[in-house]
Amino acid sequence: MPTSTSRPLLKKDAIAPVQSEPNLTDRIAEMLLDEITSGDYQVGEVLPPEQAIATRLGVSRTVLREAVSRLKVHGVVQSKQGRGLTVMQTNRPSVLRMQAADFGDADQVLRIVELRRGFEIEAAALAAQRRDDDDLAAMRQALRNMSEAIATGDVAEGVDADMEFHRCVARSTRNEHYLNFFDFLAVLLKKNLRVSRSRSAKIAGRGAQAQKEHEALFAAIEKRDAELARQQARMHVDNTESRLRTAVATAEKS
C-alpha cells in the first residue's frame, strides 16, 4: 500500500486553503471522493480525524462535516465508534443522485418537500411502533436544543436540531434504508431550511409553531400511536411547505 506521503489528506503540512464560495461543500465532497476512489485506499482503512482533514484542506469543520455527510449517504465512508471515519467502498457510487435546489427555484424546492412528505409520514408511523426509551431520550434532547435555538434566535443551531430530531425518527424505524434516505434528503433540505428559517424568524410565532408541530409528533410516537404519528407528520410537512412557499415568495419580491 502506498506510503502516506503520496496522499494529500494525510500530509503533515496543510495544503493551500480552499477559497470560500457558494458550492464549497460540493467541491470538498468531490475532492474527498476523488481521493478515496483514486486506488490508494482500501475498504476498512481509517481516515484521519475530521479536524485534521479540515485543517489540511483549509476549511471549517462545519464545511467538512457537510461534505463527509454526502459521502456517508452514498456509502463511501462511515463513522465507526472507536475507530473514526472508515472507508466503506473505493468505487464511485452508482446510486440515486439529486442536486440541492437553489432557494430561488421555488418549483424544485417544493418538489423536494413533496418527496419528504411521503417518506416522513411512514417513517413516523414505523417509529411509533418500534421506538425504544433511548430513541425517545434522543428526540427529547433534540426538542430541547430546538427550543433553546428559538429562544436565542440561532437559526443554524435550530435547523441542526430540527434535522437531528427527524433523524432520530428515521433511526427509530429500525430500518437502515429509512436512515440512509433521510441523510440523503437532509443534504438537499438543510440549506433551504436555513434560508427559510432566517426569513421566517422575522414573522412572529413561526418558530414556536414549528416547535409545537415537532412536540405533537413526538407525543404521538411516545404513545406508540402510529396513525396519530402519520397525521402529525403530514401536518408538519404540509406546514413546512407553506412556510417555504411564503419564504420563496418573499425572496422573489425582494
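Computed from a prediction, not measured in an experiment: that's the story for all the values here. (Residues numbered from 1 in each chain as written. Predicted model: local features only at pLDDT ≥ 70, side-chain atom pairs only at ≥ 80, totals over all residues. Heavy atoms only, no water.)

Trainee: I'm lost on the overall build of the protein chain in this one. Help?
Mentor: Secondary structure assignment for the protein chain yields nine helices and two strands. When the elements of the protein chain are put in sequence order from the N terminus, they spell out α-α-α-β-β-α-α-α-α-α-α. Across the 254 residues of the protein chain, 42% fall into the buried class. In the protein chain, the proportion of contacts linking residues at least 24 apart, taken out of those at least 6 apart, comes to 72%. Surface exposure of the protein chain reaches about 13,200 Å², of which carbon and sulfur atoms provide 49%. (Helix = DSSP H or I, 4+ residues; strand = E, 2+ residues; numbered from the N terminus. Buried < 20%, exposed > 50% of the residue type's maximum accessible area, 1.4 Å probe, protein only. Contact = heavy atoms within 4.5 Å. Areas by Shrake-Rupley, 256 points an atom, 1.4 Å probe, with all protein chains shown as cover.)

Trainee: I tried to follow the pairing of strand β1 (residues 77-80) on my own but got confused; where do I start?
Mentor: Regular strands have side chains that alternate between both faces of the sheet. With four bridges joining them, β1 and strand β2 (residues 84-87) adopt antiparallel strand pairing. Note that in β2 the partner of K80 across the bridge is G84. Taking the residues between adjacent antiparallel strands as the criterion, β1 and β2 are bridged by three residues, where G82 takes a positive phi near 85 degrees. (Pairing = 2+ DSSP bridges.)

Trainee: Sorry, what's going on with the packing of helix α2 (residues 50-57) against helix α3 (residues 61-73) here?
Mentor: Two packed helices can be described by the angle between their axes and the distance between those axes. Where α2 contacts α3, the two axes come as close as 9 Å, and the packing angle between them is 110 degrees. Compared by their axis directions, α2 and α3 come out roughly perpendicular. For the pair α2 and α3, the sense of crossing is right-handed. Here E50, Q51, I53, A54 and L57 of α2 lie close against α3, whose contacting residues are R61, L64, R65 and V68. (Axes fitted to C-alpha atoms, helices over the stretch in contact; angles between N-to-C directions. Parallel < 35°, antiparallel > 145°, perpendicular 65-115°, else oblique. Left-handed = near helix turned anticlockwise from the far one by under 90°.)

Trainee: Is there a simple way to explain helix α6 (residues 155-172) in this structure?
Mentor: Because an α-helix packs 3.6 residues into every turn, residues spaced three or four apart end up facing the same way. The end-to-end C-alpha distance of α6 is 26 Å, a good match for the 26 Å that 18 residues give at a rise of 1.5 Å each. Where α6 begins, the side chain of D154 points an oxygen toward the backbone nitrogen of A156, at a separation of 3.4 Å. Just past α6, the residue R174 takes up positive phi, approximately 60 degrees. (Expected span 1.5 Å × (residues − 1). Polar contact = N/O pair within 3.5 Å; in protein donor to acceptor, adjacent residues only side chain to side chain.)

Trainee: Would you explain the packing of helix α1 (residues 24-36) against α3 in this entry?
Mentor: Contact pair α1 / α3: the axes reach a minimum separation of 8 Å and the direction vectors enclose 55 degrees. In terms of orientation, α1 and α3 fall into the oblique class. The interaxial crossing formed by α1 with α3 has right-handed handedness. Within the contact between the two elements, α1 uses L24, T25, D26, I28, A29, L32, L33 and I36 and α3 uses V63, L64, E66, A67, V68, R70 and L71.

Trainee: Even after reading the chapter, I still don't get the environment of E50, so can you show me in this structure?
Mentor: Locating E50 in the fold gives a position in helix α2. E50 gets classed as buried once you look at its relative accessible area, which sits at 16%. Sequence separation between E50 and R65 is 15 residues; the distance between their C-alpha atoms is 7.6 Å. Setting aside anything within four residues of it in sequence, one finds E50 in contact with R61, L64, R65 and V68.

Trainee: It is not clear to me how unusual backbone geometry should be interpreted in this structure. Could you clarify?
Mentor: Residues other than glycine predominantly adopt negative phi, and peptide bonds predominantly adopt the trans conformation. The backbone phi angle of R174 is positive, close to 60 degrees, even though this residue is not glycine. Looking at the secondary structure, you find R174 in the loop between α6 and α7 (176-200). Assessed through its relative accessible area of 42%, R174 is described here as partly exposed. Unlike most non-glycine residues, R224 shows phi in positive territory, near 60 degrees. Of the residues examined, R224 reaches a relative accessible area of 44% and is grouped as partly exposed.

Trainee: Help me understand the confidence of the model for the protein chain in this model?
Mentor: Any segment with low pLDDT has predicted coordinates that should not be analysed in fine detail. Looking at the protein chain as a whole, the pLDDT averages 80, with 75% of positions reaching at least 70. For the protein chain, per-element mean pLDDT is lowest for α7, which scores 73, and highest for helix α5 (residues 133-152), which scores 94. Throughout residues 1-6 the model reports pLDDT below 50, and contacts reaching past four residues in sequence, or to other chains, amount to nine contacts. Segment residues 10-22: pLDDT under 50, and 24 contacts once partners within four positions in sequence are set aside and those in other chains are kept. (pLDDT = per-residue confidence, 0-100.)

Trainee: What is the right way to read the side chain of R117 from this model?
Mentor: If you trace the backbone, R117 turns up in helix α4 (residues 106-130). A relative accessible area of 16% means that R117 is categorised as buried. The residues touching R117, leaving out its near neighbours within four places in the chain, are R234, V237, D238 and E241.

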